[in-house]
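Descriptive structure summary
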Amino acid sequence: MSHSIELGYIRIEVADPAALWAFLTDVVGLAPGEPTSAGEPTWSDDEAAQRVVIAVGPRNDLAALGFEAVGEAAFASTVARLAAAGFTPTDGDEALRRARRVERVATVDAPWGTPVEVVLGLERRPEPAPTPLVPGGFLTADQGFGHVVVATTAFDESVRFATDGLGMVQSDWLLTEIAEGIELEVRFFHCNARHHTLALARAPFELPQALHHVMFETNERDDVGHAFDRAFAAGLPIPNGLGRHDNDRMFSFYVASPAGFQVEVGHGAIQVARPWTGDRRYERISAWGHQPVVPGPAG
Ligand SMILES: [Fe+2]
């Protein structure tokens, strides 16, 4: 399907980059790359020069999301759409363009409290970055590097930012009671064939982290299992073991990073076709699985 934008990169601020380095490289299986011109370490899961950028700071949270426009017309129309919706981006300077390895960047503060950067011309390498722990590689072509789920008290304005501003379309939504009297509402948005590039969760109060999780999709089903084994062997918390989501049908698990936010490694999600007729309410997160993994007795 033709599209204007895809998820280009995520920048995350963490207090202890060393712990995250091992997590992203040895557990998730991403390829470490060259640090940015600002000296920030980077990772990639494909040809792009950077997909994950780590900034050092106390927040342990999302620092910026980069949405890559597929061409100059898409860049201009995305910036114009944001401005028309009342979210006027400002042009990034040469230092920011160099740090993001892009030809153009326009920045706007999203209602959930962190910048969104609309970019053009994210630098590419001739070959995908080597990911020996994920031999089948990652699904990114025309879909961006994955998806991100953000929890926010500014939910309605964030939905407006995603739809009216970024031009995303709701894929479906989840409303379910997760505990007596406590409802979880999540809305899932697509901007290309990926079922959702961004999902927004309605936070009942200010949470310590806006970034709930970032998802990387493998081409091979077994690569999810191998990633699960690495997460388990590393002794990291696994809030959701292997399972399958009800809405996007993704087979996946979630591991908690040393910085608190979670990473979902998944495979086999459905893709969005146009016209999209699947927008409806779901009442459960998962068709099966995704229970928390509690380590058993040794031996
Ligand atoms: Fe997810």
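Computed from a prediction, not measured in an experiment: that's the story for all the values here.

This part covers the side chain of R51. The residue R51 is located in the loop between β3 (42-44) and β4 (52-56) in this model. One polar contact links the side chain of R51 to the main-chain carbonyl oxygen of G8, over a distance of 2.8 Å.

So, about the coordination of the iron ion. Protein coordination of the iron ion is provided by H147 (NE2), H213 (NE2) and E264 (OE), with donor distances spanning 2.0 to 2.2 Å. Taken in chain order, the donor set of the iron ion reads H-x65-H-x50-E. Taken together, the positions of H147 in strand β9 (residues 147-152) and E264 in strand β16 (residues 262-267) put the pair 117 residues apart, joining distant regions of the chain. Each of the two residues, H147 as well as E264, counts as buried.

Taking 1.5 Å of rise per residue, the 13 residues of helix α5 (residues 221-233) would be expected to cover 18 Å, and the 19 Å separating its terminal C-alpha atoms lies within 8% of that figure. If you check which residues of α5 are buried, you get D223, V224, A227, F228, R230 and A231. Looking straight down α5, one finds its buried side chains confined to an arc of 165°; they lie on one side. Set apart from the buried face of α5 by more than 90 degrees, the exposed residues are D222 and A233. Just downstream of α5 lies G235, where phi reads positive at about 75°.

Applying the stated criterion across every chain, the model contains eight aromatic pairs. Residues F145 and F216 carry aromatic rings whose centres are separated by 5.7 Å and whose planes lie at 35° to one another, so their mutual orientation is tilted. On the criterion of sequence distance, the pair formed by F145 in the loop between β8 (115-120) and β9 and F216 in strand β13 (residues 211-217) is long-range, its members being 71 residues apart. Taking 6.2 Å as the distance between ring centres and 40° as the angle between the ring planes, the aromatic pair formed by F251 and W288 counts as tilted. Residue F251 is found in strand β15 (residues 251-256), and its partner W288 is found in strand β18 (residues 286-289); the two are separated by 37 residues along the sequence. Given the relative accessible area of 44%, W288 is considered partly exposed. These aromatic residues form a ring-pair network of at least three members: F87, W112 and F161. For R221, the ring lying beneath its charged end belongs to F251, and the centroid distance is 4.3 Å.

Before going further, it helps to spend a moment on the sheet that holds strand β7 (residues 104-109). Strand order in the open sheet made by the eight strands is β2-β3-β4-β1-β5-β8-β7-β6, with mixed pairing throughout. Each edge of the open sheet is held by one strand with a lone partner, namely β2 (31-32) and β6 (90-91). Across two bridges, the pairing between β6 and β7 is antiparallel. Looking at the pairing, D91 lines up with A106 of β7. The strands touched by helix α1 (residues 17-28) within the sheet are β1 (5-14), β2, β3 and β4, with β4 carrying the most contacts at an inclination of about 165°.

Conventions we followed
- Residues numbered from 1 in each chain as written.
- Predicted model: local features only at pLDDT ≥ 70, side-chain atom pairs only at ≥ 80, totals over all residues.
- Heavy atoms only, no water.
- Helix = DSSP H or I, 4+ residues; strand = E, 2+ residues; numbered from the N terminus.
- Polar contact = N/O pair within 3.5 Å; in protein donor to acceptor, adjacent residues only side chain to side chain.
- Donors = N, O, S within 2.8 Å, 3.2 Å for Na, K, Ca; no water.
- Buried < 20%, exposed > 50% of the residue type's maximum accessible area, 1.4 Å probe, protein only.
- Expected span 1.5 Å × (residues − 1).
- Arc of directions from axis to C-beta.
- Phe/Tyr/Trp six-rings, centres within 6.5 Å; stacked < 30°, edge-to-face > 60°.
- Lys NZ or Arg CZ within 6 Å of the ring centre and 35° of its normal.
- Pairing = 2+ DSSP bridges.
- Contact = heavy atoms within 4.5 Å.
- Axes fitted to C-alpha atoms, helices over the stretch in contact; angles between N-to-C directions.

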